[in-house]
Amino acid sequence: MKCRVCRQAAIIDVPRHNANFCGPHFLDMCRRQVIKAIDDYDMMTKDDRILVAVSGGKDSLAVWDMLIDLGYQADGLYVGLGIGEYSDISGEYAKAFADERGLTLITVSLRDDYGYDVPTATVASRRVPCSACGMSKRHIFDKAAIDGGYTVLVTGHNLDDEAAVLYGNTLRWELEYLARQLPVLPARNGFPKKVKPLVRLSEREMAAWCVVRGIDYLVEECPIAAGNKHLGFKEALNKIEADSPGTKTAFYLNFVEKVAPLLASYALGDDVTLQPCTRCGSPTTAEVCAFCNLVEKSAAHEPVPVELITGRGRRR
Amino acid sequence: MKVLLRNPRRELEIDGPRRVHALLAHLELNRESHLVIRNGTLVASDELLAADDTVEIRPVISGGAW
């Protein structure tokens with residue numbers, strides 16, 4: 001296979017573009033896709049103060065690397081979730097990435113700063129594990145961005161993540177969730193602006209970015225997430241994609257362009273009155289926000305080892 | 001050839017030479033969900049892998065909620 005641009009030996013085939021690329025021209029293609037996403041959806045400018053939510057995995061390290069590479073001012077935020085050895089190792093990858101490049105990495109630990117971890121929150125709150133984890137991360141990301149004076153919060157959601165969520169919400173016709181599944185959520189009611197610059201790039205392309213750029217990341221899957229519904233949706237879409245390259249791209253990007261505008265009136269929360277949580281000050285519809293309720297239940301609970309959570313069942 | 005797989009981490013010995021796409025098909029792995037790496041470098045799907053090569057097949061799918 002030859003690179004589509006320079007005709008040198010290709011290192012990767014990208015069937016959805018019907019193209020093959022050498023290393024440098026593959027990186028150029030990724031940069032172009034990120035720049036197009038940033039421009040098309042008015043994500044950010046070089047004057048913004050950007051906070052990147054970093055997990056130590058390929059997507060978050062790749063998006064941080066790309067933004068720095070493109071000349072943006074971006075700090076990182078890592079949240080230690082207390083998922084046993086998995087969290088310890090993911091934190092080491094995030095820290096090593098930042099240290100090697102002289103970047104600022106803010107670190108928050110659920111156990112040290114809030115008195116609980118994800119396995120304990122799962123049991124204490126009787127939530128599914130990914131729900132307790134997601135709620136904790138969203139709250140801490142939002143709070144860190146607002147408190148730190150950042151104007152944009154970046155997450156490493158890629159095309160596969162967005163297509164899988166869209167698939168799940170479409171199967172159930174969750175109109176309220178569909179209406180808010182956009183590459184940009186504007187700042188509102190005390191929440192920061194949130195953007196997803198990787199929505200035009202696939203999960204495979206992000207892993208390849210890291211390999212070509214020499215970025216070490218945590219390859220192993222979260223032991224709690226293994227077997228969840230989200231992964232099942234990705235697998236289903238990849239089976240379709242293998243037979244019909246470009247399907248994921250068309251499914252998600254055409255939704256954003258053609259369908260999401262029709263659903264705008266269904267967006268959750270636009271007509272809801274929010275007030276500051278009496279404990280943490282974050283915007284909420286109740287007196288005490290859901291995160292503070294989770295902290296209260298979880299911190300009072302005896303610590304739960306991660307081994308008790310893994311393999312609890314497939315539907316998460 | 002020696003093939004390193006992840007999640008869970010394990011090693012297989014597979015007859016070679018084989019092309020990358022043939023190796024993935026043999027292992028019933030979707031190319032959309034995997035990268036093949038030889039000596040730290042990505043290899044495209046029509047690349048011929050030698051019998052004495054050592055390759056990593058790296059899954060690229062990660063999940064969980066945000």
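Residues numbered from 1 in each chain as written. Chains lettered and ligands numbered in written order. Predicted model: local features only at pLDDT ≥ 70, side-chain atom pairs only at ≥ 80, totals over all residues.

With 34 residues of chain A at the interface, the matching set in chain B holds 22 residues. Of all the secondary structure elements, the ones that give two or more residues to the side of chain A that touches chain B are β1 (12–14), α6 (129–147), α9 (203–213) and α10 (229–243) of chain A. Counting residues per element, the side of chain A that touches chain B draws most heavily on α10 of chain A, at seven residues. (Contact = placed C-beta atoms within 7 Å. Helix = DSSP H or I, 4+ residues; strand = E, 2+ residues; numbered from the N terminus.)

A separate point is the packing of helix α1 (residues 23–40) of chain A against α9 of chain A. Residues and elements named next belong to chain A. Two numbers describe how α1 lies on α9: the axes approach to 10 Å, and their chain directions differ by 130°. Between α1 and α9, the interaxial angle falls into the category oblique. Crossing geometry of α1 relative to α9 is assigned as left-handed. Across the interface between the two elements, G23, F26, L27 and C30 of α1 pack against E205, A208, W209 and V212 of α9. Within the contact of α1 with α9, the residues separate by chemical class into six nonpolar, one polar and one charged. (Axes fitted to C-alpha atoms, helices over the stretch in contact; angles between N-to-C directions. Parallel < 35°, antiparallel > 145°, perpendicular 65-115°, else oblique. Left-handed = near helix turned anticlockwise from the far one by under 90°. Nonpolar A, V, L, I, M, F, W, Y, C, P; charged D, E, K, R; others polar.)

Here the focus is the packing of α6 of chain A against helix α12 (residues 290–299) of chain A. Residues and elements named next belong to chain A. Where α6 meets α12, the closest approach of the two axes is 10 Å, and the angle between their N-to-C directions is 120°. Classified by the angle their axes make, α6 and α12 are oblique. Pair α6 / α12 crosses with left-handed handedness. Counting all contacts with α6, which are made through A132, M135, S136 and H139, the residues of α12 involved are A290, F291 and L294. Looking at the contact of α6 with α12 residue by residue, the classes come out as five nonpolar, two polar and no charged.

With mixed pairing, five strands are arranged side by side in an open sheet as β2-β1-β7-β4-β5 (chain B). Two strands in the sheet have a free side with no partner beyond their single neighbour: β2 (10–13) and β5 (41–42) of chain B. Contacts from α9 of chain A reach β4 (34–38), β5 and β7 (54–59) of chain B within the one sheet, and its direction differs from that of β4 of chain B by about 20°. (Pairing = 2+ DSSP bridges.)

Read these as layout, nothing more, since geometry by itself doesn't imply function.
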